[in-house]
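Secondary and tertiary structure notes
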Amino acid sequence: MEIVRYEADGWGVGELRLVDSAVLAHQRPHPGSGLEPQGSHPLVERFQAHLAGERVAYDDVELVLDWCTPLQRAIAAALRRVPWGETVSYGELSALAGAPRAPRAAGAFCSQNQIGLILPCHRVVAAGGIGGYGADGTATKRRLLALEGVRL
């Protein structure tokens, strides 16, 4: 496994974990993470651009999804299709994944997502509001959405 730690202005230091050049996990930068930048990878430039508000796509990035069930793989694939600057509800995401009666499964997947930005769970909102964003909280979710021109 290769680990790359990088800094993004105004965000802190994040970590990218790779297995044979495929992304296993991505921890979005956090201020005060205690991590020091080390290593490099072409994806880091995209993350830095994204976090600076530049439109970035990740559809060509190979992911390690061996841990996923077939439904979780479908949710991940649907999530990758949610365009920059747009949001979907958990129910809409589950429908896009071919499981319209599984919004809770979509929510559970998002809450456990270890590949942030590439699998953009910040673009998934509750039917009646912004919804959660795990330990990072809704302020971070709003900040990520604001980079894409979305105001909730």
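See above for the structure.
Report on the accompanying structure. The residue numbers shown here count from 1 along each chain, following its written sequence. The predicted nature of this model means local features are confined to residues of pLDDT at least 70 and side-chain atom pairs, given and counted, to a pLDDT of 80 or more, with totals for whole chains, interfaces and linings taken over all residues. Water and hydrogen atoms were dropped before computing side-chain values, which therefore reflect all heavy atoms in the structure.

Overview of the environment of alanine 97
So the rule is basically this: Counting from the N terminus, the helices are the DSSP runs of H or I reaching at least four residues and the strands are the DSSP runs of E reaching at least two. The contact criterion used throughout is that any non-hydrogen atoms of two residues lie within 4.5 Å.
As for its placement among the helices and strands, alanine 97 is situated in the loop between α3 (90–96) and α4 (103–111). The spatial distance from the C-alpha of alanine 97 to the C-alpha of cysteine 68 is 14 Å, given a sequence separation of 29 residues. When sequence neighbours within four positions are dropped, the list of residues in contact with alanine 97 reads Ala74, Ile75 and Ala78.

Re the nonpolar core
Operational definition: Definition used in this section: a nonpolar core is a set of buried Ala, Val, Leu, Ile, Met, Phe, Trp, Tyr and Cys residues joined via side-chain atoms within 4.5 Å. Burial status follows relative accessibility: with a 1.4 Å probe on protein chains alone, a residue under 20% of its type maximum counts as buried, one over 50% as exposed, and anything between as partly exposed.
Judged by nonpolar contacts, the single largest core of 38 residues is most densely connected at Val23, Phe47, Leu63, Leu93 and Ile118. Every element with two or more residues in this core is listed here: β1 (2–8), β2 (12–19), α1 (42–51), α2 (70–80), α3 and α4. With five residues, α1 is the largest single contributor of residues to this core. When residues no more than four places from it in sequence are discounted, the contact partners of valine 23 are Leu16, Arg17, Leu18, Leu43, Val61, Glu62, Leu63, Val64, Ile115 and Ile118.

Thoughts on the pattern of salt bridges
Our working rule: Every case where a carboxyl oxygen of Asp or Glu lies within 4 Å of a side-chain nitrogen of Lys or Arg is listed as a salt bridge.
Applying the stated criterion across every chain yields a total of five salt bridges. Among the salt bridges present, the one from aspartate 60 reaches arginine 46, with a minimum N-O distance of 2.8 Å. Taken together, the residues span a long stretch of sequence, with aspartate 60 in the loop between α1 and α2 and arginine 46 in helix α1 at a distance of 14 residues. Relative accessible area serves as the criterion here: at 54%, aspartate 60 is assigned to the exposed category. Here the salt bridges share partners, and the residues they tie into one network are Arg5, Glu15 and Arg17.

In short, shape yes, function no, at least from these values alone.
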